[in-house]
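Report on the structure
Chain residues, written in single-letter form:
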Amino acid sequence: MIKTYFNVKIKVQIFCGVLILSEKLRILHTADLHLGAEFSGLGGIGSTRKAELNMTSDNIFKICRGNKIDLLLIAGDIFENNSVEEATVAAFFSACEKTPDTRIFIAAGNHDPLTLDSPYLKYNLPQNVTILGDKDECITLEERKVRIYGKSFSSVYMAGADRFSIVPEDDDFINIMVLHGDISSDKSGVYNPISIDFLESSKMDYVALGHVHEFSGIKKAGGTYYAYPGTPEPHGFDETGPKGVICGEIGKNYCNLTFVETAKRTYRHEQIDIGAAKNNSDVAEIITSNLKNKYGDKYTDNLYKIDLVGRTEEALKINCAEITSRLLEDIFFAKVKDKTEIAVDLELLAKENTLRGKFVKYMLQKAVEEPQNTERIHRATALGLKAFNTEVKFSENR
């Protein structure tokens, strides 16, 4: 049975005939927003993505207000660096101030450490915002029966520790930790390596982690639940797939959390077989059809890195610039690379008494002599054959 008292829920349990009351708190866990990041690799739409990053940040606070979130836990790298525009910092803390019923706890990360130029130290923080210090710290909220533990980066690097120095008391308070760092058994890491043993020995009910830009799933080390939410908005093609935050309830030895998507757009890396294409218009149509079938009507909102694959006829002169232009009539962003092969019999071609035949014969022999490089030689052969038929730009297949 669940009863609600203000924003705090009481879980009623019967254990050995004894009535036990355990509080539960609604939390939102996020990290790695990197506000102020430049999307220079996207050309003219980079400014749009920068604005969308700010919009996603605003949306996180709307989720807090709409769901009566008790604690917003931010595990580092809110800002891309400590020299971000003052307007970006002001907008973030203004959103905090507009969410007064949510207590906000922040552990500074390696991108926004607590150095002298830190926005956290220079800005007049709203009353509901707490920045964890650069030493192990514990903050008690008596009225909500919760303790928040954690530590901030004081520079761009931070050594790991075997144990958290503050051991939680054996009582009915909920224990939550906020940390930025790498889960790793290698203690030589410079981004606060955190071992599984560290998590287990912390005796926390939940550890809110940041630094890894991929949702980890909700995991458990001993009696401690922990997770990385990943970044709520992706920053490049190394961050593909859904992005979001973690929402739900935490209690004493209790965890009910869910991943909630927040990204305005997603990055996707696709391989599309265009073997049936006769011209560049066909190629664009094949790509569009594949993307629409896979992602539905909103396929146009994504950012795509598209590798063209398959065996194509010699007559097809693939023009990546033209294909990209056709795609951009509908799609927000696309980057096309030609990784196709010309549909020819290499063994037969190697018998030709032509420069092309001699080239193929040489490459086939290299593949025999260097089996460890077969894939590279095969790709070089495909590019070489295209060069005999058309211009291959230096950067085309980077």
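Report follows, based on the coordinates. All of these numbers come straight from a predicted model, not from anything done at the bench. (Residues numbered from 1 in each chain as written. Predicted model: local features only at pLDDT ≥ 70, side-chain atom pairs only at ≥ 80, totals over all residues. Heavy atoms only, no water.)

Notes on a positive patch on the surface
- Together, K62, R65, K98 and K264 make up a region of like positive charge exposed at the surface.
- Tracing the backbone through its elements, the reader meets K62 in helix α1 (residues 46–66). (Patch = residues over 30% accessible without salt bridge, like charges linked within 9 Å, V, L, I, M, F, W, Y side chains within 5 Å. Areas by Shrake-Rupley, 256 points an atom, 1.4 Å probe, with all protein chains shown as cover. Salt bridge = Lys/Arg side-chain N within 4 Å of Asp/Glu carboxyl O. Lys, Arg positive; Asp, Glu negative; His and termini not counted. Charge placed at Lys NZ, Arg CZ, Asp CG, Glu CD. Helix = DSSP H or I, 4+ residues; strand = E, 2+ residues; numbered from the N terminus.)

Topic: the pattern of salt bridges
- Throughout the structure, instances matching the rule amount to 19 salt bridges.
- R147 is the salt-bridge partner of D171, the closest N and O atoms lying 2.8 Å from each other. Here D171, found in the loop between β8 (146–150) and β9 (174–180), pairs with R147, found in strand β8; they are 24 residues apart in sequence, far enough to count as distant.
- The partly exposed category is assigned to D171, whose relative accessible area is 23%.
- Residues R356 and E352 are paired through a salt bridge, measuring 3.5 Å at the closest nitrogen-oxygen approach. (Buried < 20%, exposed > 50% of the residue type's maximum accessible area, 1.4 Å probe, protein only.)

A short note on the sheet that holds strand β18 (residues 333–338)
- Read from one edge of the open sheet, three strands run β15-β16-β18, paired in parallel fashion. The sheet is open, and its two borders are formed by β15 (267–273) and β18, each paired with just one other strand. The average angle at which neighbouring strand axes cross in this sheet is 20°, direction not considered.
- Pairing of strand β16 (residues 303–309) with β18, which is carried by six bridges, proceeds in the parallel orientation. The partner of I306 across the bridge, within β18, is V336.
- Sheet contacts for helix α6 (residues 320–327): β16 and β18; angle to β18, the most-contacted strand, approximately 155°. (Pairing = 2+ DSSP bridges. Axes fitted to C-alpha atoms, helices over the stretch in contact; angles between N-to-C directions. Contact = heavy atoms within 4.5 Å.)

What about the state of the cysteines?
- What the rule picks out here adds up to zero disulfides.
- This cysteine, C96, is not joined by any disulfide, and C64 carries the nearest cysteine sulfur, 9.1 Å off.
- Classification of C96 by relative accessible area gives buried; the value is 0%. (Disulfide = S-S within 2.5 Å.)

Some points on the layout of surface pockets
- Volume-wise, the second largest pocket comes out at about 180 Å³.
- Forming the boundary of the second largest pocket are P242, E261, A263, K264, R265, T266, R268, Y295, K298, Y299, D301 and N302.
- For the lining of the second largest pocket, the class distribution of residues is four nonpolar, two polar and six charged. (1 Å grid on protein atoms, 1.4 Å probe; cavity = no way out; pocket = protein on both sides within 12 Å on 5 of 7 lines; lining within 4 Å. Points joined across faces, edges and corners; volume = space filled by probe spheres on them. Nonpolar A, V, L, I, M, F, W, Y, C, P; charged D, E, K, R; others polar.)

Side note on empty space enclosed by the protein
- Throughout the structure, instances matching the rule amount to one cavity of 30 Å³ or more.
- Within this model, the largest cavity holds a volume of roughly 70 Å³.
- Elements with a minimum of two residues in the lining of the largest cavity: β19 (341–342) and α9 (374–389).
- It is α9 that contributes the most residues to the lining of the largest cavity, four residues altogether.

Remarks on helix α5 (residues 280–295)
- A rise of 1.5 Å per residue sets the reference length of α5, with its 16 residues, at 22 Å; its end C-alpha atoms lie 23 Å apart and thus fit the reference within 8%.
- Every buried residue belonging to α5 is among N280, V283, A284, I286, I287 and L291, and all of these are buried. Along the long axis of α5, the arc covered by the buried residues comes to 160°, so they all point the same way. Among the exposed residues of α5, those pointing more than 90 degrees away from its buried face are E285 and N293.
- Contacts from the buried residues of α5 go to β15, β16 and α6.
- Two to three positions downstream of the cap, the backbone nitrogen of S281 sits 3.1 Å from a side-chain oxygen, assigning the N-cap of α5 to N279.
- Backbone geometry just downstream of α5 places G296 in the positive-phi region, at approximately 80°. (Expected span 1.5 Å × (residues − 1). Arc of directions from axis to C-beta. Polar contact = N/O pair within 3.5 Å; in protein donor to acceptor, adjacent residues only side chain to side chain.)

Remember that the coordinates give geometry; whether it matters functionally is a separate question.
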